[in-house]
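As a plain string of letters, each chain reads:
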Amino acid sequence: MGLRSAVIVFPGSNCDRDVAVALEQSTGQAPAMVWHKESDFPEVDLMVLPGGFSYGDYLRCGAMAVHSPVTREVKRRAEAGVPTLGICNGFQVLTEMGLLPGALLRNADLDFVCRDVHLRVENTQTLFTHRYASDQPIRIPVAHHDGNYYADETTLDALADNGQIAFRYVDEEGEVTSGANPNGSLKNIAGVFNASKTVLGLMPHPERLSDPQLGGNDGRPLFDGLVEALQ
Amino acid sequence: MSQAALAHTDEITPEVVAEHGLSEEEYALAKQIMGRAPNLLELGIFSVMWSEHCSYKSSKKWLKTLPTDGPQVIQGPGENAGVVDIGEGLAAVFKIESHNHPSFIEPYQGAATGVGGILRDVFTMGARPVMNLNALRFGAPEHPKTRHLLAGVVAGIGGYGNCVGVPTVGGEVNFDPAYNGNILVNAMTVGVAPANRIFYSRAAGAGNPVVYVGSKTGRDGIHGATMASAEFDEASEEKRPTVQVGDPFTEKLLIEACLELMATDAIVAIQDMGAAGLTSSSFEMASKGGMGVELDLDRVPMREEGMTPYELMLSESQERMLMVLQPGREELARSIFEKWDLDFAIIGRLTESGRMVLRWHGEVVGDLPIDPLAEASPEYDRPHSQREAPAPLAASDVPDVEDLGATLVKLLGSPDLCSRRWVWEQYDHMVMADTLGSGRPGGDAALVRVHGTGRGIAASTDCTPRYCLADPVEGGKQAVAEGYRNLSASGATPLAVTNNLNFGNPEKPEIMAQLVGAVQGMGEACRALETPVVSGNVSLYNETDGRAINPTPVIGSVGLIEDVAKAVGIAFAAEGETLLLIGGDEATEGHLGQSLYLRDILGRAEGAPPAVDLAAEKRTGGFVRDQITGGCITACHDISDGGLIVALAEMALAGRMGCTLDLPASPSHWAAWAFGEGQGRYLATCATPDGVIAAASEAGIRCMLLGRTGGDSLKVADWAPISLSGLRAAHEGWMPRYMAATA
């Protein structure tokens, strides 16, 4: 039996298919696609909140999705320890749900940004990241208008102390620089874990570079690693 | 049933007729068709149906001369979009459309709703949109409005496409003072559908329900089509309320709901509500099927209270569709739209009367014959002046470069040749996870894998307005040829094109001559290159205070590569590879007339544009494609704006490595060699050139060894090495610097 996963689809999600393809490639089976109006769904080993513009993101990004019927169930299971991954809008929803600390503000230069970025994997001892090396920057794209990670200083310190910083934006050489920061995120933070490292939210899109034909494959170890860890 | 409203014709004064953009002759024809004077609602309907935007009355005669057919064509012009066969039971559905006038008045919403409109044209036909492109023209960079318009248009295109989740993968941006008062925003969408499940707009089946879905109708965009059919003057910016407001979130839901319904057998016919809204969609559907329609306008979902039948028929509110359903399938359809939280209303039914009967709370408020309006709209043979083709400009009449490197740096850092990264990084060009690494923005063609297959669709938008201004016939040809080359340089076989004809006021013979000439050249090229025109759009009256835009007949090209693994990009792939110049001949070499070197370095706009040898284009394009798909070429780029050395620099910058050129002899005129814009030429790299050179020789195609890749500069003969870092700084620097500056 392969890894069972579910992708939570909100109205306005638009990377649901993309992440389903990446999941199927690594797990060997298609994830369950769970519509936001469902209040229950089959038992799974991994929940994924995909990128997109849930409810149009006309309010604060991710704020409306918190009130979907499915969200209560996602939160219950995540708090019970079911591994949960939020990408881009999914990361925004996880912070709005209170499953991850901090918030994603409008990009510092106010423009939408879509480009490949380099990331340093800050903690390689997790379900999500154990296939990566800490000294080898990876390249995957960002595509967002609100990816500017913010948390207060106490929270930032705690995140660093507890190994909850998952990824930071770096230059090609792996250095944390302001030039490598695409959105103004504090400490160049691109992704964070919850305290138990069972929930990961990140702004970059690993599902978009999990296929060499698309120009890179650095996203794939995240999905392959989940399969290995959760089976 | 009362028909008292039909008698309300005393309000139609000559002023009211004029306000509706109808000429006296057109109004007389309207009365003749009606057999009486129309009331205000009916006049409004005539006004939009016969607007230039909807009726193509000035261009129809010439559009008919374009080739539209071929073995690959499933649907040519006349539907919401064109359809071509791409194999494996699939079809590409595509069209380009302008949103010029609204984008000048309100750049963000104008551009956003332009994207929304063209997306609907494509998914209306049953296709999932998979790529967006655009073609943008702005005024001079120093014009006080340019920065604001560029920022707004780019944000609007991104704001809509990013949210809907369709990648914006390609396009072009030019600056010229001719667009100071009329920018051009042309948006193109390509979708993919099962070839045997294409949906059309032809209504059928008397008694079948007419259904409205999507957003509610508001007061926005009333008379948008009429506004797009007139020149601008100082008062035009007061027309901001006629610009529609886009809601990409609703569009996303509408795409998913429509595609879900299309997987059933419920739909007889479907049409999006674009320009002229409910009027245009209902008339077109009925006319194509030879049917009549009865509409109960009070059942239309309304955004605000107190709306009138006139407003409901003329509103251009966005994200709305009209469809005819199979009887008995209404509840199935309703359940799908309710799942997606979209409005769904049965607002009428088909009849056999051939008439459009409009009711308001049971009272007939409008009653018009359908065919005469939809089919018998005026067609004009507007006078066009004869113009002589300009004399060619000899290279010997153009000063040579003093410093090759400095000139190249200046050109690569100029508004028209600098990197468009600032633009396309604001577009999500990777969503849907099928944009190929070699087909991302910045290269020749955008390349997107057909989901779940190994095939790829290549697309490009092209036009060189300065060529079209100098010689509309050659310019029209060149736009088609450049698209053909862009696709071929990626390895894709061109299949068909869509066109967007942007011109000034067609009532002026010199403007009409531009249109006639460009269409002639375009037609010749499409015939020769076997890329028929399957859809398109015409935007006229792009004038402000009597000053017209440059003639801008944009071509959107679509092609197919059967194995995406074979596609190549423009980036140098490896050090030590051989660099080849493929195509062209002595005659195409060194053409400086209407070149960017002449315009941007010397400040002159003279001479004939480069001639296009269509037979040579076809032969060379086919050769290049064969070599690419045969795995012999590792990178390829066509030579266009700025000439050979600009193309070379673009390949070097993309590949982050330089090259050394070994020329057998020094050119007699360096500027002509380096910056000449002779057509039909490609640069290519290969690991082992012998096979390519032998094949070219056999095919009778020129193939010259130019040099080798490697290093961190461009080394050309005895000129000082031109460093890549200096070129990159110039190329990447201009646009971010320009946009960051305050006016």
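Residues numbered from 1 in each chain as written. Chains lettered and ligands numbered in written order. Predicted model: local features only at pLDDT ≥ 70, side-chain atom pairs only at ≥ 80, totals over all residues. Heavy atoms only, no water.

Caption draft 1: Local environment of the overall build of chain A. A tally of helices and strands in chain A yields five helices and eleven strands. Expected size for 231 residues packed as a compact globule is a radius of gyration near 17 Å; at 16 Å, chain A falls within 12% of this value. Sequence separation of 24 or more characterises 78% of the internal contacts of chain A that already satisfy a separation of 6 or more. Per element, the accessible surface of chain A, about 8800 Å² overall, is 47% carbon and sulfur. Across chain A, the mean location of the 18 positive side-chain charges is 5 Å away from that of the 30 negative side-chain charges. (Helix = DSSP H or I, 4+ residues; strand = E, 2+ residues; numbered from the N terminus. Rg over C-alpha atoms; globule rule 2.2 N^0.38 Å. Contact = heavy atoms within 4.5 Å. Areas by Shrake-Rupley, 256 points an atom, 1.4 Å probe, with all protein chains shown as cover. Lys, Arg positive; Asp, Glu negative; His and termini not counted. Charge placed at Lys NZ, Arg CZ, Asp CG, Glu CD.)

Caption draft 2: Examining the environment of Pro689(B) more closely. All names here are of chain B. Examined against the element boundaries, Pro 689 turns out to sit in the loop between β24 (681-686) and α24 (690-699). Here the alpha-carbon distance between Pro 689 and Ser 419, two residues 270 residues apart in the chain, equals 30 Å. The residues touching Pro 689, leaving out its near neighbours within four places in the chain, are Thr 578 and Leu 580.

Caption draft 3: Inspection of the nonpolar core at higher detail. The biggest cluster of nonpolar side chains holds 129 residues, and the ones touching the most others in it are Phe167(A) and Phe337(B). Examining the composition of this core, we find that nine residues originate from one element, helix α10 (residues 248-262) of chain B, more than from any other. Grouped together as the second largest cluster of nonpolar side chains are 47 residues, Ala203(B), Leu297(B), Leu322(B) and Leu358(B) included. (Core = buried A, V, L, I, M, F, W, Y, C linked by side-chain atoms within 4.5 Å. Buried < 20%, exposed > 50% of the residue type's maximum accessible area, 1.4 Å probe, protein only.)

Caption draft 4: Just empty space enclosed by the protein, in detail. All names here are of chain B. Per the stated rule, a full pass over the model turns up six cavities of 30 Å³ or more. For the largest cavity, the calculated volume is near 90 Å³. Residue lining of the largest cavity: Asn 174, Phe 175, Asp 176, Tyr 179, Asp 416, Thr 464, Pro 465, Arg 466, Asn 550, Arg 599 and Asp 641, and that is the complete set. Put simply, the parts of the chain that give the lining of the largest cavity at least two residues each are β5 (168-175) and α17 (465-470). Here the lining of the largest cavity is built from residues that sort into three nonpolar, three polar and five charged. Each pocket or cavity is described by its volume, and for the second largest cavity that value is around 50 Å³. (1 Å grid on protein atoms, 1.4 Å probe; cavity = no way out; pocket = protein on both sides within 12 Å on 5 of 7 lines; lining within 4 Å. Points joined across faces, edges and corners; volume = space filled by probe spheres on them. Nonpolar A, V, L, I, M, F, W, Y, C, P; charged D, E, K, R; others polar.)

Caption draft 5: Representation of the packing of helix α3 (residues 40-49) of chain B against helix α11 (residues 277-289) of chain B within the structure. All names here are of chain B. Where α3 meets α11, the closest approach of the two axes is 10 Å, and the angle between their N-to-C directions is 75°. As far as their axial angle goes, α11 and α3 are roughly perpendicular. Within the contact between the two elements, α3 uses Ile 45, Val 48 and Met 49 and α11 uses Thr 279, Ser 280 and Phe 283. (Axes fitted to C-alpha atoms, helices over the stretch in contact; angles between N-to-C directions. Parallel < 35°, antiparallel > 145°, perpendicular 65-115°, else oblique.)

Caption draft 6: Region of interest: a negative patch on the surface. Residue and element names in this part refer to chain A. On the surface, Asp 152, Glu 153, Asp 157 and Asp 161 cluster together to form a negatively charged patch. Relative to the assigned elements, Asp 161 resides in helix α4 (residues 153-161). By relative accessible area, which is 66% here, Asp 161 ends up exposed. (Patch = residues over 30% accessible without salt bridge, like charges linked within 9 Å, V, L, I, M, F, W, Y side chains within 5 Å. Salt bridge = Lys/Arg side-chain N within 4 Å of Asp/Glu carboxyl O.)

Caption draft 7: Structural context of helix α13 (residues 330-339) of chain B. Residues and elements named next belong to chain B. Restricting attention to buried positions, one finds in α13 the residues Glu 330, Ala 333, Ile 336 and Phe 337. One side of α13 holds all its buried residues, which, seen down the axis, span an arc of 130°. Contact partners of the buried residues in α13: β7 (209-214), α10, β10 (320-325) and β11 (343-351). The positive-phi residue at the C-terminal boundary of α13 is Asp 341, with phi of around 60°. (Arc of directions from axis to C-beta.)

Caption draft 8: Local environment of the interface of chain A and chain B. The partner chain B presents 34 residues to the 30 residues of chain A that form the contact. Surface buried jointly by chain A and chain B totals about 2500 Å² across both partners, of which 53% is contributed by carbon and sulfur atoms. Area buried by chain A at its contact with chain B is led by Arg17(A), Gln213(A) and Leu214(A), which between them contribute 24% of it. Taken together, chain A and chain B are joined by seven salt bridges. Linking Glu425(B) and Arg115(A) is a salt bridge whose minimum nitrogen-to-oxygen distance equals 3.1 Å. (Buried area = accessible area lost by both parts, 1.4 Å probe.)

Caption draft 9: Broad picture of the pattern of salt bridges. For the structure shown, the criterion picks out 60 salt bridges over all chains. Its salt-bridge partner being Arg208(A), residue Asp428(B) comes within 2.8 Å of it at the nearest N-O pair. One end of the pair, Asp428(B), is in the loop between α16 (421-424) and β14 (446-449); the other, Arg208(A), is in the loop between β11 (199-202) and α5 (220-230), on a second chain. Look at Asp428(B) and you get buried, because its relative accessible area is 3%.

Caption draft 10: Expanded view of the packing of helix α7 (residues 107-123) of chain B against α10(B). Residue and element names in this part refer to chain B. The N-to-C vectors of α7 and α10 enclose an angle of 5°; their axes lie 11 Å apart at closest approach. When the axes of α7 and α10 are compared, the pair comes out roughly parallel. Two secondary-structure elements touch here, α7 through Gly 116, Leu 119, Arg 120 and Phe 123 and α10 through Glu 251, Leu 254, Ile 255, Cys 258 and Met 262. Here the contact of α7 with α10 is composed, by residue class, of six nonpolar, one polar and two charged.

Caption draft 11: The arrangement of the pairing of β7(B) in detail. Residue and element names in this part refer to chain B. Across the six residues of β7, six count as buried, placing the element largely inside the fold. In terms of strand pairing, β7 meets β11 through six bridges, oriented antiparallel. Looking at the pairing, Val 213 lines up with Phe 344 of β11. Of the strand pairs in this sheet, β7 and β10 are connected by five bridges, and their pairing is antiparallel. Opposite Gly 214, over in β10, you have Arg 320 as the bridge partner. (Pairing = 2+ DSSP bridges.)

Caption draft 12: Layout of the pairing of strand β9 (residues 165-170) of chain A. All names here are of chain A. Among the six residues in β9, six count as buried, and that is most of the element. Two strands pair when backbone bridges link them, and strand β6 (residues 113-121) and β9 are joined in this way by four bridges, in the antiparallel orientation. Its bridge partner being in β9, Val 121 is matched across the sheet by Phe 167.

Caption draft 13: Molecular detail of the side chain of Gln92(A). Residue and element names in this part refer to chain A. Residue placement: Gln 92 occurs in helix α3 (residues 89-97). Here Gln 92 falls in the buried class, since its relative accessible area comes to 4%. Among the polar contacts made by the side chain of Gln 92, one reaches the side chain of Asn 89 at a distance of 2.8 Å. Looking at Gln 92, its side chain comes within polar contact range of the main-chain oxygen of Asp 146, at 2.7 Å. When near neighbours in sequence (up to four residues on either side) are disregarded, Gln 92 contacts Asp 57, Cys 61, Leu 104, Asp 146 and Met 203. (Polar contact = N/O pair within 3.5 Å; in protein donor to acceptor, adjacent residues only side chain to side chain.)

Caption draft 14: Just the sheet that holds strand β2 (residues 82-87) of chain B, in detail. Residues and elements named next belong to chain B. Taking strand neighbours across the sheet as the criterion, the six strands line up as β1-β2-β3-β6-β4-β5 in an open arrangement whose pairing is mixed. The sheet terminates laterally at β1 (73-75) and β5, the two strands that pair on one side only. Recorded for the sheet is a direction-independent mean angle of 20° between the axes of neighbouring strands. The pairing of strand β4 (residues 128-138) with strand β6 (residues 184-194) spans nine bridges and is classified as antiparallel.

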